[in-house]
Amino acid sequence: MYAKFHSIGAYVPSTVLSNADLEKMVDTSDEWILKRTGIRERRIARDDEVTSDMAKIASEIAIKRAGLNHSDIDLIVCATVTPDYFNMPSTACVIADKLGIKDVQAFDISAACSGFVYALSVAKAFIESGMKRHVLIIGAEKFSSIVDYTDRSTCILFGDGAGASVISATNDKSEAIIDIHASADGAYSDFLVTPAPGSVNPLSQRVLDEGLNFVQMKGNETFKLAVKTLTKDVKEILSDNNIDAKDIPHFVPHQANYRIIKAVGGALKMTKEQVVLTVDKYGNTSAASIPMAINDIYEAGRLKKGELMLLDTFGGGLTWASALLPFSGDNL
Ligand code: ACO
């Protein structure tokens, strides 16, 4: 039994937060943001729109595009670091309810920007072991809920959104996910952190006064490690599978910073046409970034059945992951 990437769907909130808007909020400039990150604008969810709402819409599209009914889904894995609730229930359980799916295994994954590829590895394992047939994996973030919009070093980077995919069982090896690498090094856990709420810093007046509920990042250190780790990781997965970078039509890196993407794409000698880029219009949507990017090329008619994708991501934890797989859904 093999696991195939059966479909893709995404949800993009309608409110645009542009660099010009941010110029009015913090001491920054469109020129600085564009030069250092490649971001022009990002999308922000409405106040009444939560992570599970965005995930639900992306999931409905993905299930429909897989030609399945909601009741066919036998596992839901949601990757998010901005869950509906920080303790319980899991966002995956809330999504199951919003989709009307009963009696289904459902849980969340916390791996920051690497979450979607981590979820892909879980789906692959469940399917290859014969435990499940159709796994709904989701990357969804309302990152605006943990961003301090007075901190110019982080508020310019992040956006909201969701992406989802159905991973299904197949006997046809040519459709199968080829390989996934996923790893972590907790020694760098202080590079990207939301200090509260949690058992280290339970919710208190001090937490609110010190803004410990907001994301904190050692940007420059993270940047350097991201370039090094991502480059090594993609080179390894390609050589392990005897595939040349020039034979990958779609390199879909995590959309954190154009300079990181350019450095990794350059190390692989990829052409501009091979590298999928959405960071300019969505910013960094953490776990949602890769499925939103895949959905973009799918809806643009650029991703066709059987074409190879190389996914590559890096995020808080620190975590990183890469995947090599054909797109095995129907053409739009
Ligand atoms: N506008 C203007 N100036 C700014 C801004 C801003 N928005 N933000 C920072 N600066 C200033 C700093 O204060 C600093 O000034 P100084 O030299 O006077 O001290 C200067 O710009 C340079 O700051 P750096 O942090 O060194 O800038 P850098 O070139 O590293 O860019 C950035 C910062 C964009 C955050 C970059 O480091 C980055 O993209 N890091 C990686 C992010 C990432 O990949 N994260 C992982 C995934 S996220 C996740 O998992 C949730």
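The text that follows walks through the structure, step by step, so that each part is easy to find. (Residues numbered from 1 in each chain as written. Predicted model: local features only at pLDDT ≥ 70, side-chain atom pairs only at ≥ 80, totals over all residues. Heavy atoms only, no water.)

On to the pattern of salt bridges, then. Per the stated rule, a full pass over the model turns up 14 salt bridges. Between Lys98 and Asp53 there is a salt bridge, with the nearest N and O atoms lying 2.7 Å from each other. A residue pair is termed long-range when its members are at least 10 positions apart, and Lys98 in helix α4 (residues 91-99) and Asp53 in helix α3 (residues 51-65) qualify at 45 residues. The exposure class assigned to Asp53 is partly exposed, which follows from its relative accessible area of 22%. Glu60 is the salt-bridge partner of Lys56, the closest N and O atoms lying 3.6 Å from each other. On the criterion of helical spacing, the pair formed by Lys56 and Glu60 is a turn pair, its members being 4 residues apart in helix α3. Overall, Glu60 belongs to the partly exposed group, its relative accessible area being 29%. Through salt bridges with shared partners, a single network forms among Arg46, Asp48 and Glu49. (Salt bridge = Lys/Arg side-chain N within 4 Å of Asp/Glu carboxyl O. Helix = DSSP H or I, 4+ residues; strand = E, 2+ residues; numbered from the N terminus. Buried < 20%, exposed > 50% of the residue type's maximum accessible area, 1.4 Å probe, protein only.)

Attention shifts here to the sheet that holds strand β14 (residues 319-326). The strands that make up a sheet pair up through hydrogen bonds in the backbone, lying either parallel or antiparallel. Read across the open sheet, the 4 strands follow the order β9-β14-β13-β12; overall the sheet is mixed. Every other strand in the sheet has two partners, leaving β9 (179-184) and β12 (250-253) as the edge strands with one partner each. Pairwise comparison of adjacent strand axes, ignoring direction, gives a mean angle of 10° for this sheet. Across 6 bridges, β9 lies against β14 in antiparallel orientation. Within β14, the residue paired with Ala182 across the bridge is Ala321. (Pairing = 2+ DSSP bridges. Axes fitted to C-alpha atoms, helices over the stretch in contact; angles between N-to-C directions.)

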